[in-house]
Structure formats: structure tokens, C-alpha cells
Amino acid sequence: MDQFAAFKPFLSVVEGQILELLGGEKPKPEDSLVAAARHRCLQSGKRARPMLVKIFGDTLGVPEGKLVDPAVSAELIHAASLLHDDVIDNGMYRRNKPTVNARWGNIVAVMGGDLLLSNALLRLAKFDARVAQHGLAVVSEMTRAAINEVQARGNLDLPLEELKAIGAGKTGSLFGFCGVAAAIVAGNEDAVRRFDAFGRRIGIAFQMADDIRDISGTDEGKPQYADLQSRTMNLPTLIAVQRDPKLKKRIAEAWSWSALTADKAKELGTAVLVTGALDE
């Protein structure tokens, strides 16, 4: 049985709205920004954020038609953040396909992300002013969390609470927005607070799962040990270096070089696994 069958009619409407926004069935071939945005947005994705909007909305009895705009906007904000992240990380592949910056370059990737972001916020402004304000606040929080993550690179002494805060800001804030938007539409002030907190916790769990897949190699769309190669702290690595001071020294020495080879990343990643950090 397809566990997502109940979402398909709603997601079909969301997909149609995104397609229409990005030039429809016959986009202009010379429009590189739209081509880049389509490459990012129209790839097969989980659409977790639109599904969350529907789940939160269903909980409060909100008609599906009133959830489409927040769902589309949440997906566009997410897609924009991925375009920007790939530039920051110099990512070449996502879900086994070349990234926008790999195909069109960093300038198109950044501007394509800005195009998606501005369209998302314009859509929210036309939909509901209060929802739009929350959307703007989330974009600001995601931006600050992203720079905090960059500034924390190579910091093997990063406090666990700071790592959690980065996950809550980069991922959880947008998950929280999915609940906040549904609650505002429903006119339920108590749910605004509760759904925001719940979404943020889901976001931290989501980030934890992503960190685990990076070390375990179970993410088919992302190279194993990518975080080690980019000197990005993740939860298993943080736990591992807290357990094993010698490993902490080895990673610090490896990160002192200008580049980390795939073989060295594998060696260090295997050492992280040996500490039992994933079990913890």
C-alpha cells in the first residue's frame, strides 16, 4: 500500500502551481534562471514540506484549497536554500544529478535561488500578510543558521547545543513555518505556538538523520563522508571526537591541509563508525 496515496491529489495541485510559476510546459529556452529553477524544483523530491502543511492543516480542519499557497511557498523557499547551499559547499551532485552551479555556474545558481525566494514571498504577501511576515522571519533565521554552520566548520569543540541550534534554524524553522501557516489560516493561536515548536523538533531529527546517512553511506544521492571533506561538523563526528581524543587529533590534522582526499575521508569516517557514535 502506498503510504503517500492520501497526499497525491494535494501534491499534484502543488506541482501544477510550481510548474506554472516556472514557465509551464513550454518555458523560454533562453531564460537560464528559469531553467536553473526548474532543474532544482522539478526534480523528484520528497516534498516533505508541502506534506507537512497538509498534515498540520488537516489536524485543524483547514480546507485543502487554503493550504496550497503556503505549501508552494515552503517548497520554493526550501529549493532556494538548496541552490544557495550548493554554491557555499561547491556541491556538484544532488540526488545523483548535477547541481545547478555545476551546470550553469555559481552566478546563475545564486540568482536562481533569489528568483525562487522572491516568488515564494510575493505569493505569501498576496495570500496573507501575517503568514508572509512569518515567512520572512524564517528566511532570515535560515540565513543566519547557514552562516553559523559555515563559521563552525573545522571546529571540533563545537558545543552540542550550537549544533542543535544550526539544525533548528536551517531545517526546523521552515518545518515550523508549515505548521504556523496552517494554524494562522485556521485562526488557532495556540496551534501557532505548538506547531512551530513541533516543526522545529522534527527539523532537528531530520538533520540528525541526514548526519547519520553522511557517515553510514545510506544516502544514495549524496557522497559518503561529504561533511568530513567539507569540514562540516555533524552529530556522529562530534560524538566520536568527544569519545576519542586521538581521533579528534587525527581529524584536526587532516583538516589542517588544504584538501581532504576521498581515501582520507573514508579512513576518518570509518574511525568515526568504530567509536560507536552512530549507536549513541
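Residues numbered from 1 in each chain as written. Predicted model: local features only at pLDDT ≥ 70, side-chain atom pairs only at ≥ 80, totals over all residues. Heavy atoms only, no water.

Visitor: How should the nonpolar core be read in this particular structure?
Guide: The biggest cluster of nonpolar side chains holds 50 residues, and the ones touching the most others in it are Phe-10, Leu-22, Cys-41, Ile-77, Leu-116, Leu-174 and Phe-177. Discounting residues that sit within four places of it in the chain, Ile-77 has contacts with Leu-117, Ala-120, Val-139, Met-142 and Leu-174. Residues Leu-228, Leu-235, Ile-239 and Leu-260 belong to the second largest nonpolar core, which totals 24 residues. (Core = buried A, V, L, I, M, F, W, Y, C linked by side-chain atoms within 4.5 Å. Buried < 20%, exposed > 50% of the residue type's maximum accessible area, 1.4 Å probe, protein only. Contact = heavy atoms within 4.5 Å.)

Visitor: Just to check I follow, could you spell out the packing of helix H3 (residues 48–59) against helix H4 (residues 68–89) for this structure?
Guide: How two helices sit against one another is set out by the angle between their axes and by the gap between those axes. Where H3 contacts H4, the two axes come as close as 8 Å, and the packing angle between them is 150°. When the interaxial angle is binned, H3 and H4 end up roughly antiparallel. Taken as a pair, H3 and H4 cross one another with a handedness that is right-handed. Of the residues in H4, those in contact with Arg-49, Pro-50 and Val-53 of H3 are Pro-70, Ala-71, Ala-74, Glu-75 and His-78. A per-class count over the contact of H3 with H4 returns 5 nonpolar, 1 polar and 2 charged. (Axes fitted to C-alpha atoms, helices over the stretch in contact; angles between N-to-C directions. Helix = DSSP H or I, 4+ residues; strand = E, 2+ residues; numbered from the N terminus. Parallel < 35°, antiparallel > 145°, perpendicular 65-115°, else oblique. Left-handed = near helix turned anticlockwise from the far one by under 90°. Nonpolar A, V, L, I, M, F, W, Y, C, P; charged D, E, K, R; others polar.)

Visitor: Looking at this structure, I do not really get the environment of Asn-188. What am I missing?
Guide: Within the secondary structure layout, Asn-188 lies in the loop between helix H8 (160–186) and helix H9 (189–216). Asn-188 sits 15 residues away from Gly-203 along the chain, and the two C-alpha atoms are 22 Å apart. Not counting residues within four places of it along the chain, the set of residues in contact with Asn-188 comprises Leu-60 and Ala-183. Within polar-contact distance, the side chain of Asn-188 engages the backbone nitrogen of Asp-190 at 3.2 Å. (Polar contact = N/O pair within 3.5 Å; in protein donor to acceptor, adjacent residues only side chain to side chain.)

By themselves, these figures tell us nothing about what the structure is for.
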